[in-house]
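# Architecture at a glance
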Amino acid sequence: MPASQYEFDLMKKYIEEHCGIYLKQGKEYLVESRLNDLMIETACKSLQEFYFKAQNEKSGKLKDRITDAMTTNETFWFRDDPLWSYIKEETIPFLLDRAEKEGSVRILSAAASTGQEAYSLLMLLDEAVKLRRTPELLDKIEIIGTDISSTSIFSAISARYSSFAMKRGLPEDKKRKYFSKSGDAWVYDQELKKRVTFKLFNLQNSFASLGTFDLILCRYVVIYFSDTFKKELFSKLAEILKPGCVLILGAGESLKDYTDAFDISYHNKVTLQTRKQEKK
Amino acid sequence: MREMILDLLSKKGDLPPFPEVLRKLQEMINDPNSSIAKIEKVIELDPVLSGSILKLSNSAFYGLGRQKVEKLSLAINKLGLKTIKQIAFSLKLTGLFNKKNVLNYLTFWRHSLSVAISSQHLSRYTNIPKQLLDIAYLSGLMHDVGIMVFSYLIPEKYESFLHTLEEKEEPIQIREKEHFGIDHQELGALFIEKWWKVNPKIIHTVRYHHFPFQGTEEEQQCAQLINVADGLCNNSGFSNGIDCFHEVFKEGAWENLGLSLSDAESIIEDVRNAVDQAVELLKL
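Residues numbered from 1 in each chain as written. Chains lettered and ligands numbered in written order. Predicted model: local features only at pLDDT ≥ 70, side-chain atom pairs only at ≥ 80, totals over all residues. Heavy atoms only, no water.

### Describing the environment of Ser104(A)
Residue and element names in this part refer to chain A.
- Checked against the element boundaries, serine 104 lands in the loop between α5 (81-102) and β1 (105-110).
- C-alpha of serine 104 to C-alpha of phenylalanine 213: the two residues are 109 residues apart in sequence and 10.0 Å apart in space.
- Not counting chain neighbours up to four residues away, the residues in contact with serine 104 comprise Ala99, Lys140 and Asp214. (Helix = DSSP H or I, 4+ residues; strand = E, 2+ residues; numbered from the N terminus. Contact = heavy atoms within 4.5 Å.)

Pasting the structure below:
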């Protein structure tokens, strides 16, 4: 039986309150299409039954699954050319100088999905330290990737990609340099991959366990979130980003209306959010 | 097109029959009154199979100590009936569907065998009951058989269908359903049900290996184990050889089986070993 307006509204409210995801008017159909498999999996015959199951579950696992289902994870290597040129020319030298001066640098790839963003960054870092003839600097850099989905994190940890995934933005020279073929999969440099730690993590949780960072990438995820959750998330990101360091969002994503903890600047189509020195 | 395919299936055509030696072996193993001597006789009727079993019992994977195993009865005794059955199924089934085919049948069977073996390794990290492992192994071997059935019943149509897969990033079973009105899970299950007569739990797993959340708890566990093993083999680069988007595994299957990301690295290693083992078996 198709879901009624009442059931949609119930579920929409749940998704907004518990998952921090806002569904625009007219996007209600997404509720049913994205949750259909989960409803079968949990043996729920109607959206209302599913809603009550989600409401009453204590572990939070179903809530995470709903959040994951409502957010699509499309990942690319080096997504958005101007940004990666900026990262290569400005961010990486900044991070390496910092690693030299302060002894350690920590980077967060939040909502890392299957790892392409973290590994893209690592390839650039690897090239940069070699160019500077300071390969030992790489030991001072720690990259953490988080995602809400075990499937995604498993793929990220395995660092194996299908030819489909490889076609999405990976330049030929990087493919030759950092990947080898195993069966029909492409395997990322197994030594290099050890430098990234992937963790199962819901952005709604407390960030205290993550530590502080010198660069945060949190791209193409806030787009789904409700205003309340955006506000909360940006303030948590401000807490863990060191002063003077940069937060990078997806193209078109903005924190302007939600926090004043960052200075916003523009560099050739790239928007940067720099953590202010003093918290206001 | 569904009706046409089902009609062809009911006539069987040149679809391979279930190997007689496996049928007898299944019967005997299930019969509490049968003896090792009787089982030995059944296997002996197939000289290639008995030779391979002897070879395997002296190989690195199944090595039974320094003493060379020269008699089949000793191999059966030492390996145990469960392993003998699994080896017999592995060797006989992977010899089927080898007529000129649109698929690379060696790659196909390497995948199926890798899934079967991976399911056994993977079970160590899960809460799956031990008595299901044998069913899981055989289900792993047969899980994609519907793809072979497609390519036997409608070879040209299936081949042109395979060429369209590259265009979209969507799992094959969805595309098959759109295109033919039936997917390889259902077709494989119907084929086995009608012509092969194996344990119904195997048929259930074949039918639901891409969406393993139907049926009894045991049926779901078995289908979930194969779903994850299948996804792991795809992820490792040892898919069934069809150039299309391959899913990893279902999040719910991973969770329900009690798998943990802290075991990810050793699971990846185990899958790699399972693939090596499959390659060795296929050389026999």
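### A short note on the pattern of salt bridges
Residue and element names in this part refer to chain A.
- Enumeration according to the criterion identifies 32 salt bridges over all chains in this entry.
- Glutamate 100 is the partner of arginine 132 in a salt bridge, and the nearest nitrogen-oxygen pair spans 3.1 Å. Of this pair, arginine 132 sits in the loop between α6 (116-131) and β2 (141-147) while glutamate 100 sits in helix α5, placing them 32 residues apart in sequence.
- Taking the relative accessible area as the measure of exposure, glutamate 100 reaches 44% and is therefore partly exposed. (Salt bridge = Lys/Arg side-chain N within 4 Å of Asp/Glu carboxyl O. Buried < 20%, exposed > 50% of the residue type's maximum accessible area, 1.4 Å probe, protein only.)

### Notes on the side chain of Ser158(A)
- If you trace the backbone, Ser158(A) turns up in helix α7 (residues 150-158).
- On the basis of relative accessible area, Ser158(A) is assigned to the buried category, the value being 0%.
- Filtering out sequence-adjacent residues up to four positions away, Ser158(A) remains in contact with Gln190(A), Lys193(A), Asn235(B) and Ile268(B).

### Looking at the interface of chain B and chain A
- In this complex, chain B contributes 29 residues to the contact, which on the side of chain A involves 26 residues.
- When the two sides are added together, the surface that chain B and chain A hide from each other amounts to roughly 2,400 Å², 57% of it contributed by carbon and sulfur.
- For the chain B face of the interface with chain A, the top three residues by lost area are Asn235(B), Glu251(B) and Leu261(B), together amounting to 26%.
- Taken together, the links from chain B to chain A amount to 4 salt bridges.
- The salt bridge involving Glu166(B) is made with Lys167(A); its shortest N-O contact spans 3.6 Å.
- Looking at the side of chain B that touches chain A, the elements that each hand over two or more residues are α14 (217-236), α15 (251-256) and α16 (264-283) of chain B.
- Here the side of chain B that touches chain A takes 5 residues from α16(B), the largest share from any one element. (Buried area = accessible area lost by both parts, 1.4 Å probe.)

### Structural notes on the environment of Leu79(B)
- Tracing the sequence through the fold places Leu79(B) in helix α5 (residues 72-79).
- Placed 173 residues apart in sequence, Leu79(B) and Gly252(B) show a C-alpha to C-alpha distance of 35 Å.

### Observations regarding the sheet that holds strand β7 (residues 213-218) of chain A
Residue and element names in this part refer to chain A.
- One open sheet holds the 7 strands; their spatial order is β6-β2-β1-β7-β8-β10-β9, and the pairing between them is mixed. Every interior strand has two partners, whereas the edge strands, β6 (196-200) and β9 (262-267), have only one. Averaged over all adjacent pairs, the angle separating strand axes in this sheet is 20 degrees, with direction ignored.
- Pairing of β1 with β2, which is carried by 5 bridges, proceeds in the parallel orientation. In the sheet register, serine 109 faces β2, and the bridge partner there is glycine 145.
- Against the sheet, helix α11 (residues 227-240) makes contact with β1, β7, β8 (241-249), β9 and β10 (270-275), and its axis sits at roughly 135 degrees relative to β8, the strand it touches most. (Pairing = 2+ DSSP bridges. Axes fitted to C-alpha atoms, helices over the stretch in contact; angles between N-to-C directions.)

### A word on the pairing of β9(A)
Residue and element names in this part refer to chain A.
- In the sheet, β9 pairs with β10 via 6 bridges, with the strands oriented antiparallel. Bridging from a neighbouring strand, aspartate 263 pairs with threonine 274 of β10.
- Counted between consecutive antiparallel strands, the loop separating β9 from β10 contains 2 residues, among which asparagine 268 sits at a positive phi close to 45 degrees.

### Side note on unusual backbone geometry
Residue and element names in this part refer to chain A.
- Of note, asparagine 268 is a non-glycine position whose phi angle comes to about 45 degrees, a positive value.
- Considering the arrangement of structural elements, one finds asparagine 268 in the loop between β9 and β10.
- One non-glycine residue, lysine 269, adopts positive backbone phi at about 70 degrees.
- Secondary-structure assignment places lysine 269 in the loop between β9 and β10.

### Brief notes about the sheet that holds strand β4 (residues 179-182) of chain A
Residue and element names in this part refer to chain A.
- Spatially, 3 strands are ordered β3-β5-β4 in an open sheet, and the strand pairing comes out antiparallel. For this open sheet the edge positions go to β3 (160-161) and β4, each flanked by a neighbour on one side alone.
- Across 2 bridges, the pairing between β3 and strand β5 (residues 185-188) is antiparallel. When the sheet's bridge partners are listed, arginine 160 is paired in β5 with valine 187.

### Describing the nonpolar core
- Of all hydrophobic cores here, the largest spans 141 residues; its most connected members are Phe179(A), Leu93(B), Phe97(B), Met142(B), Tyr158(B) and Trp196(B).
- Take this core: its biggest share by element is 9 residues, from α6(A).
- Setting aside chain neighbours within four positions, we find Tyr158(B) in contact with Ile147(B), Phe150(B), Ser151(B), Ile172(B), Glu176(B), Phe180(B) and Ile242(B).
- Counting 49 residues, the second-largest nonpolar core is a separate cluster that includes Val31(A), Leu38(A), Met39(A) and Ala110(A). (Core = buried A, V, L, I, M, F, W, Y, C linked by side-chain atoms within 4.5 Å.)

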